[in-house]
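Working through the structure, step by step
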Amino acid sequence: MEMRMPESGASRAQQERTHISTTGTGAEEPTATGTPPGNPAATDAARRTGLLVTLVLGGLTALPPLSMDMYLPALPAVTESLQAPAATVQLTLTACLTGMALGQVVVGPMSDRWGRRRPLLLGMIIYVVATAICVFAPTTELLIGFRLLQGLAGAAGIVIARAVVRDMYDGVEMARFFSTLMLISGVAPIIAPLIGGQVLRFTDWRGIFAVLTVVGVVLTLVVWKWLHETLPPQDRHTGGIGDALRTMRGLLTDRVFTGYMIAGSLAFAALFSYVSASPFVVQEIYGASPQTFSLLFGINSVGLIVVGQINGRMLVGRISLDKALAFGLSVIVLAAAALLLMTSGVFGHVGLVPVAAGLFVLMSAMGLAMPNTNAQALMRTKHAAGSASALLGTSSFLIGAVASPLVGIAGEGTAVPMAVVQLVCAVGAMACFLGLCRPWQRVS
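Basis of the calculations
- Residues numbered from 1 in each chain as written.
- Predicted model: local features only at pLDDT ≥ 70, side-chain atom pairs only at ≥ 80, totals over all residues.
- Heavy atoms only, no water.
- Helix = DSSP H or I, 4+ residues; strand = E, 2+ residues; numbered from the N terminus.
- Buried < 20%, exposed > 50% of the residue type's maximum accessible area, 1.4 Å probe, protein only.
- Areas by Shrake-Rupley, 256 points an atom, 1.4 Å probe, with all protein chains shown as cover.
- Axes fitted to C-alpha atoms, helices over the stretch in contact; angles between N-to-C directions.
- Parallel < 35°, antiparallel > 145°, perpendicular 65-115°, else oblique.
- Left-handed = near helix turned anticlockwise from the far one by under 90°.
- Contact = heavy atoms within 4.5 Å.
- Nonpolar A, V, L, I, M, F, W, Y, C, P; charged D, E, K, R; others polar.
- Salt bridge = Lys/Arg side-chain N within 4 Å of Asp/Glu carboxyl O.
- 1 Å grid on protein atoms, 1.4 Å probe; cavity = no way out; pocket = protein on both sides within 12 Å on 5 of 7 lines; lining within 4 Å.
- Points joined across faces, edges and corners; volume = space filled by probe spheres on them.
- Core = buried A, V, L, I, M, F, W, Y, C linked by side-chain atoms within 4.5 Å.
- Phe/Tyr/Trp six-rings, centres within 6.5 Å; stacked < 30°, edge-to-face > 60°.

1. Regarding the overall build of the protein
Counting its secondary structure elements, the protein contains 14 helices and 2 strands. Out of the 444 residues in the protein, the part that is buried amounts to 52%. Within the structure as shown, the protein displays about 18,600 Å² of accessible surface, and the carbon and sulfur contribution to it stands at 68%.

Below, the structure written as structure tokens:
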């Protein structure tokens, strides 16, 4: 059935129509921003619809980290089962991550031309097929190939979920929704290795791909039944590849959009450098146990999620998105500088607790930086949300992939490279925000 989704106030010229299947009553639901007074049934229906959309888009956003992280506990088993070197098996992770980066560039423009629903369903079907083949892959080479295809197809969920949010919301409402998605996508990397470890108690590494196949099938059916088209035909691009490339080039020539894109990508790179280096920093340098590392990793992830929810529920709508973003980037810069001073020996030998506190502050501040950079960038791209979402995602993955190996450039015995990479990325993000976005010249 058809429903009008909320508008964020004066920033929208008129409400955009979206099609979200709900309770099947056959009656048109009221607007989410203006439910008639004294009609609790209509209010409940609107609330259920919003929750349904949140769960569907959250599932699409969580699928890629599940695909990556559920597989991590099984890497030694894959090495033994396929009799391949560990470095070769690691390429199965690289292939999936590369696919997720490149797939967004392809799927984003497709969704601007053919709508959100068809490319998403096609991507989900290919994801299911590729994941099912991984279950039976007899060699490492085949596993790498189909992991690449799995990443390419799984990218549809990431890029189109952001584009759908842009179709439905604007301004502060969009920032709130991104903060909610961060809650879901932030939990996924935490629980994915735990799920993978439990699956390995009952089956081998192939069972993890079987579980992912089932998850993909369920999510495909949910999308097919409940997530209807959100991009009206009159708002779609009719050109081919050349038009898509021109659209992306036009987006990149938008100084403010590019500023938010690079600032968000550099913030993501600072986060990714933490993910890459923290197992060695916490366990090898500071001598913590794997259990302690897992606890600290989980605490830091909870900090990011909590601050993201504070951003969406308490800050957005009360202060401008640029002010919240500026505060978040400032905290990241200060936390990264403190980590560099502590790890370089300026304060003498510093134990794990102060370093862990610095990492917690840095990670938590990401809850202000990432949703607000996405929201501010997408607010400038109403008629090219798919292409814009593709650029945002691909930029984050590529810059993160470049930064990640640098944290180990001096070996596993020092945490200084991690802190240097984080500080450079944080300062770069702030410089892009101030130099390109120039928030003082605009009203957020």
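2. Some points on the packing of helix α11 (residues 321-343) against helix α14 (residues 416-437)
One way to put it is that α11 packs onto α14 with a least axis distance of 8 Å and a crossing angle of 155°. In terms of orientation, α11 lies roughly antiparallel with respect to α14. Note that α11 runs across α14; the crossing there is left-handed. Counted together, Asp-322, Leu-325, Ala-326, Leu-329, Ser-330, Ile-332, Val-333, Ala-336, Ala-337, Leu-339, Leu-340 and Thr-343 of α11 and Val-416, Ala-419, Val-420, Gln-422, Leu-423, Ala-426, Val-427, Ala-429, Met-430 and Phe-433 of α14 form the full contact between these two elements. A class-by-class count of the residues in the contact of α11 with α14 yields 18 nonpolar, 3 polar and 1 charged.

3. Observations concerning the pattern of salt bridges
Summed over all chains, the structure comprises 4 salt bridges. Between Asp-167 and Arg-116 there is a salt bridge, with the nearest N and O atoms lying 2.8 Å from each other. Taken together, the residues Asp-167 in helix α5 (residues 140-168) and Arg-116 in the loop between α3 (86-114) and α4 (117-135) connect sequence positions 51 residues apart. Relative accessible area serves as the criterion here: at 4%, Asp-167 is assigned to the buried category. Overall, Arg-116 belongs to the buried group, its relative accessible area being 2%. Notably, a salt bridge pairs Arg-236 with Glu-229, separated by 3.8 Å at the nearest N-O pair. In this structure Glu-229 comes out as buried when scored by relative accessible area, which is 15%. Through salt bridges with shared partners, one network takes in Asp-112, Arg-116 and Asp-167.

4. Let's talk about empty space enclosed by the protein
In this structure the tally under the stated criterion is 3 cavities of 30 Å³ or more. A volume near 50 Å³ is recorded for the second largest cavity. In this structure, the second largest cavity is lined by Tyr-274, Ser-278, Val-282, Phe-293, Leu-296, Phe-297, Asn-300, Ala-356 and Leu-359. Taken together, the elements giving at least two residues each to the lining of the second largest cavity come down to α9 (255-285), α10 (290-315) and α12 (352-378). Here the lining of the second largest cavity takes 4 residues from α10, the largest share from any one element. The class makeup of the residues in the lining of the second largest cavity is 7 nonpolar, 2 polar and no charged.

5. Remarks on the nonpolar core
Among the nonpolar cores identified, the biggest contains 121 residues, and Leu-57, Leu-60, Leu-143 and Met-366 are the most heavily contacted of them. When residues in this core are grouped by element, the largest group, 15 residues, is from α9. Contacts of Leu-143, omitting those with residues within four sequence positions, involve Tyr-71, Val-78, Leu-82, Thr-92, Cys-134, Ala-137, Trp-205 and Phe-209.

6. As for the side chain of Ser-395
Following the sequence through the fold, Ser-395 ends up in helix α13 (residues 385-406). Setting aside residues up to four positions removed in sequence, Ser-395 forms contacts with Met-261 and Ser-265.

7. Comments concerning the packing of aromatic side chains
Scanning the model with the defined rule gives 4 aromatic pairs in all. Residues Trp-205 and Phe-209 carry aromatic rings whose centres are separated by 6.1 Å and whose planes lie at 90° to one another, so their mutual orientation is edge-to-face. Of this pair, Trp-205 and Phe-209 both sit in helix α7 (residues 205-226), 4 residues apart, roughly one helical turn. Phe-209 sits in the buried class, given a relative accessible area of 0%. Of the aromatic side chains, those joined through ring pairs into one cluster are Tyr-71, Trp-205 and Phe-209.

8. Details of the packing of α5 against α13
Put simply, α5 and α13 touch, their axes get as near as 8 Å, and they point 135° apart. One finds that α5 runs oblique with respect to α13. By crossing handedness, the relation of α5 to α13 is classed as right-handed. Note on element contacts: α13 touches α5 through Ala-385, Gly-386, Ser-389, Ala-390, Leu-392, Gly-393 and Phe-397, opposite Ile-158, Val-159, Arg-162, Ala-163, Arg-166 and Asp-167. Tallied by class, the residues present in the contact of α5 with α13 amount to 7 nonpolar, 3 polar and 3 charged.

9. Looking at the environment of Asn-374
Topologically, Asn-374 is positioned in helix α12. As a C-alpha pair, Asn-374 and Gly-264 span 110 residues in sequence and 7.2 Å in three-dimensional space. Among all residues touching Asn-374, those that are not within four sequence positions of it are Arg-162, Phe-178 and Leu-392.

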